[in-house]
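Structural description and commentary
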Amino acid sequence: MGFVRSLIKRIPSTPALPSLEDLSNEKDRFAPRLSFFKRRIRLKGNSKISVPLGAVLLFPCMVIILIVVLIVRHPSSPGGLMMPAGAPPAIRKISEQYDKVFVTGCLEPQTNGPRANAALVILARNQELEGVVQSIKSMERHFNRWFHYPYVFLNDGDFNTTFKETILNHTSAPVEFGKIDPTMWGYPDWVNIDTAREGIRKQGDAAIMYGGMESYHHMCRFYSGFFYKHELLQKYDWYWRIEPEIKYFCDITYDPFVHMERANKTYGFTIAVKELKETVPNIFRYASAYKRVNNLTSQGLWEMFAEPASAAEDVSVPEDNPKYKKPLPEEILSSEPGQGGVPDVDPEAMEGETYNMCHFWSNFEIARLDWFRSKEYNDFFDMMDRSGGFWMERWGDAPIHSLAAGALLAPQNIHYFRDIGYRHTTIQHCPANAPGNRQLARPPFLEMTTKDEKKRKEEDEYWETWDPVKENGVGCRCKCDTDIVDVEGKQGSCLDEWVNVAGGWASA
């Protein structure tokens, strides 16, 4: 009892609660301050309706808050934040179960290190010289000034002297110029040219993007099944595709070809997006049939491009339902425009899957040429080619490469170059810079083709400062364009589909 009494004495007394009189006095003290907001004002001079002044002042504040919330909230991801235009999105780590970034941040380039048997390949015409120069200058500044890989230029016509001399002035790397054989460009001898041209004309009338351009169909078919057969590429094991009017944002201070070889990779990409549905309404049905005809089982990559079996095969599904499958065109069903046709493909026996429209954006790709030269890939291309889809529809090389990879490769054969900042047209990926001590001082690059010395220095000074580093960033001295949003944060990106087959998001 003595212990209890002593403990009670040590407990401080509880402060007395304020009395009602005290609360009333406090309320009276604040009343004059609140009365200002209680004043009522009429909506009109002679109106009988009035509202408190506080409500009038509160309304615009709420509107401003709402606008701010709408700006920072991502429209397609509840709870996510929209980054400022052009800034890289917050980078989440991807599982390294099948793939990982080769180099995080910058390295000192190993200019005397091992080299792969590889080439930088550009398909272009003389009139595209300005766009090609833009691409070469970007490639040299951010990568090839250290590694000096050879360029191979291909054209369905002849390169003129101006084109050749200009290119040679923009690089010290070896350069070769080649003409595409007519057997690789244009209509094959088995095609019904009138039917094919009519199919292209109909696509133009339907305003399908590039669908009415005959040369675009030839280009897609060339990059799908012939570029790797060109005589100038026969001596190479690897290729890096370059398009006119592209831009790189980060320094690539390691050799991607060597790292692809070491990691036993086959195909590398930096952007994966969805295709336009109207350009490839039947491509997936033939790709799926190729798997069935050849008894192929998915190695885990096919699921990146396929939606699961569903009501899409149910004839009761109405046409306005997104699960409805458009019937095959009569021209394809009657084996036109190819006389050989694809008799093993039964349009009533497709696999019950639907195409989610995802593909690796092939205007940037680094890949093994022996995979494209393999019997399996060429069997796939031949079957797709004979269907007539390159003419009656606007099949691009990107979904052809991607679906072939899905059927023939596994996730561990693919590499996502998340650290390479890249832009073509209005789509770009630009990573955040790696944190810590992973950013190294940038050596100057005063390319000598610009006659104006002041402009040369200004361009180099532009790259002298790079974007701030961020947690989980992977880039080296990246400086992103700020006029458009990174594709990783936009609707239509297939990053999630890649992550799903690559092992998921990392937990930490």
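What comes next is a walk through the structure. Keep in mind the model is a prediction, meaning the values are calculated, not measured.

**Here we look at the sheet that holds strand S4 (residues 151–155)**
Across the sheet, seven strands lie side by side as S5-S4-S3-S6-S13-S8-S14; this open sheet has mixed pairing. Two strands lie at the open edges of the sheet, namely strand S5 (175–179) and strand S14 (414–416), each paired on one side alone. Neighbouring strand axes in the sheet, compared pairwise and without regard to direction, differ in orientation by 25 degrees on average. Bridge count for strand S3 (residues 118–123) against strand S6 (residues 238–242) is five bridges, and the pairing is parallel. Residue pairing across strands places Leu-120 opposite Trp-240, the latter belonging to S6. Together, S3, S4 and S6 form the strand contacts of helix H4 (residues 129–147), whose direction differs from that of S4 by roughly 160 degrees.

**Side note on helix H7 (residues 214–225)**
Each full turn of the α-helix corresponds to 3.6 residues, which orients residues three or four apart in the same direction. Along its twelve residues, H7 runs 17 Å from first to last C-alpha, staying within 8% of the 16 Å computed at 1.5 Å per residue. With ten of twelve residues buried, H7 lies mostly within the body of the structure. Within the sequence span of H7, burial applies to Tyr-216, His-217, His-218, Met-219, Cys-220, Arg-221, Phe-222, Tyr-223, Ser-224 and Gly-225.

**With respect to the packing of aromatic side chains**
Here the structure, examined in full by the defined rule, presents 46 aromatic pairs. With a centroid separation of 5.8 Å and 55 degrees between ring planes, the pair formed by Phe-222 and Tyr-223 is classed as tilted. Comparing Phe-222 with Tyr-223, the two get one shared label, buried. Relative to Phe-417, the ring of Phe-364 has its centre 6.1 Å away and its plane inclined at 80 degrees; by these criteria the two rings are edge-to-face. Placement of the pair is Phe-364 in the loop between strand S12 (358–360) and strand S13 (366–368) and Phe-417 in the loop between S14 and strand S15 (422–424), with a sequence separation of 53 residues. Look at Phe-364 and you get buried, because its relative accessible area is 0%. Residue classification places Phe-417 among the buried positions, given a relative accessible area of 0%. Taken together through their ring pairs, the aromatic side chains of Phe-102, Phe-143, Phe-147, Tyr-149, Trp-240, Tyr-248, Tyr-254, Phe-257, Phe-364, Phe-417 and Tyr-422 make up a single cluster. The ring of Tyr-223 is capped by Arg-241, whose NZ or CZ atom sits 3.5 Å from the centre of that ring. Above the ring of Trp-302, the side-chain terminus of Lys-291 is found at 4.7 Å from the ring centroid.

**Some points on the sheet that holds strand S16 (residues 427–429)**
With antiparallel pairing, three strands are arranged side by side in an open sheet as S7-S15-S16. Two strands in the sheet have a free side with no partner beyond their single neighbour: strand S7 (246–248) and S16. This sheet shows a mean twist of 10 degrees between the axes of neighbouring strands, independent of strand direction. Across three bridges, S7 lies against S15 in antiparallel orientation. Across the sheet, residue Ile-246 finds its bridge partner in S15, namely His-424.

**Some points on the state of the cysteines**
If you walk through the whole model with that rule in mind, you get four disulfides. Through a disulfide, Cys-250 is tied to Cys-478; the S-S separation comes to 2.0 Å. The sign of the 110 degrees torsion about the S-S bond sets the Cys-250-Cys-478 disulfide as right-handed. Linking Cys-250 in the loop between S7 and helix H8 (256–262) with Cys-478 in the loop between helix H15 (453–462) and helix H16 (495–502), this pair joins segments that are 228 residues apart in sequence. Between the sulfur atoms of Cys-430 and its disulfide partner Cys-480 the distance amounts to 2.1 Å. One quick way to see it: the torsion about the S-S bond of Cys-430 and Cys-480 is about -85 degrees, and its sign makes the bridge left-handed. You can see Cys-430 sitting in the loop between S16 and H15 and its partner Cys-480 sitting in the loop between H15 and H16, a full 50 residues away along the chain. Taken individually, Cys-430 and Cys-480 each receive the classification buried, so the pair is uniform in this respect. Each disulfide in the protein links cysteines that, numbered along the sequence, combine into the pattern 1-5, 2-6, 3-8, 4-7.

**Observations concerning the side chain of His-217**
Within the secondary structure layout, His-217 lies in helix H7. From its side chain, His-217 meets the backbone oxygen of Gly-211 in a polar contact 2.8 Å long. A polar contact is formed between the side chain of His-217 and the backbone oxygen of Phe-390, at a distance of 2.7 Å. Not counting residues within four places of it along the chain, the set of residues in contact with His-217 comprises Ile-200, Gln-203, Tyr-210, Gly-211, Phe-390, Trp-391, Glu-393 and Arg-394.

**As for the pairing of S5**
One ladder, built from five bridges, connects S4 with S5; its direction is parallel. Each residue of the ladder has a partner; that of Leu-154, found in S5, is Gly-178. One crossover worth recording links S4 to the parallel S5 by way of helix H5 (residues 161–169), and it is right-handed.

**What to know about empty space enclosed by the protein**
Regions of empty space are outlined by a rolling probe, equal in size to a water molecule, passed over the atoms. In total, this model carries two cavities of 30 Å³ or more according to the counting rule given. Considering only enclosed or pocket space, the largest cavity measures out at about 60 Å³ in volume. Along the walls of the largest cavity sit Phe-269, Thr-270, Ile-271, Ala-272, Tyr-416, Val-487, Glu-488, Ser-493, Cys-494, Leu-495 and Trp-498, which together make up its complete lining. A breakdown of the residues in the lining of the largest cavity according to their chemical character gives eight nonpolar, two polar and one charged. In this structure, the second largest cavity occupies an estimated 40 Å³ of space. Around the second largest cavity, the lining residues are Val-103, Gly-105, Asp-251, Ile-252, Thr-253, Tyr-254, Asp-419, Val-474, Gly-475 and Cys-476. Partitioning the lining of the second largest cavity into residue classes produces five nonpolar, three polar and two charged.

Parameters and conventions
Residues numbered from 1 in each chain as written. Predicted model: local features only at pLDDT ≥ 70, side-chain atom pairs only at ≥ 80, totals over all residues. Heavy atoms only, no water. Pairing = 2+ DSSP bridges. Helix = DSSP H or I, 4+ residues; strand = E, 2+ residues; numbered from the N terminus. Axes fitted to C-alpha atoms, helices over the stretch in contact; angles between N-to-C directions. Contact = heavy atoms within 4.5 Å. Expected span 1.5 Å × (residues − 1). Buried < 20%, exposed > 50% of the residue type's maximum accessible area, 1.4 Å probe, protein only. Phe/Tyr/Trp six-rings, centres within 6.5 Å; stacked < 30°, edge-to-face > 60°. Lys NZ or Arg CZ within 6 Å of the ring centre and 35° of its normal. Disulfide = S-S within 2.5 Å. Polar contact = N/O pair within 3.5 Å; in protein donor to acceptor, adjacent residues only side chain to side chain. Right-handed = clockwise from strand over helix to strand, strands pointing away. 1 Å grid on protein atoms, 1.4 Å probe; cavity = no way out; pocket = protein on both sides within 12 Å on 5 of 7 lines; lining within 4 Å. Points joined across faces, edges and corners; volume = space filled by probe spheres on them. Nonpolar A, V, L, I, M, F, W, Y, C, P; charged D, E, K, R; others polar.

None of the figures reported here should be taken as evidence of function without further support.
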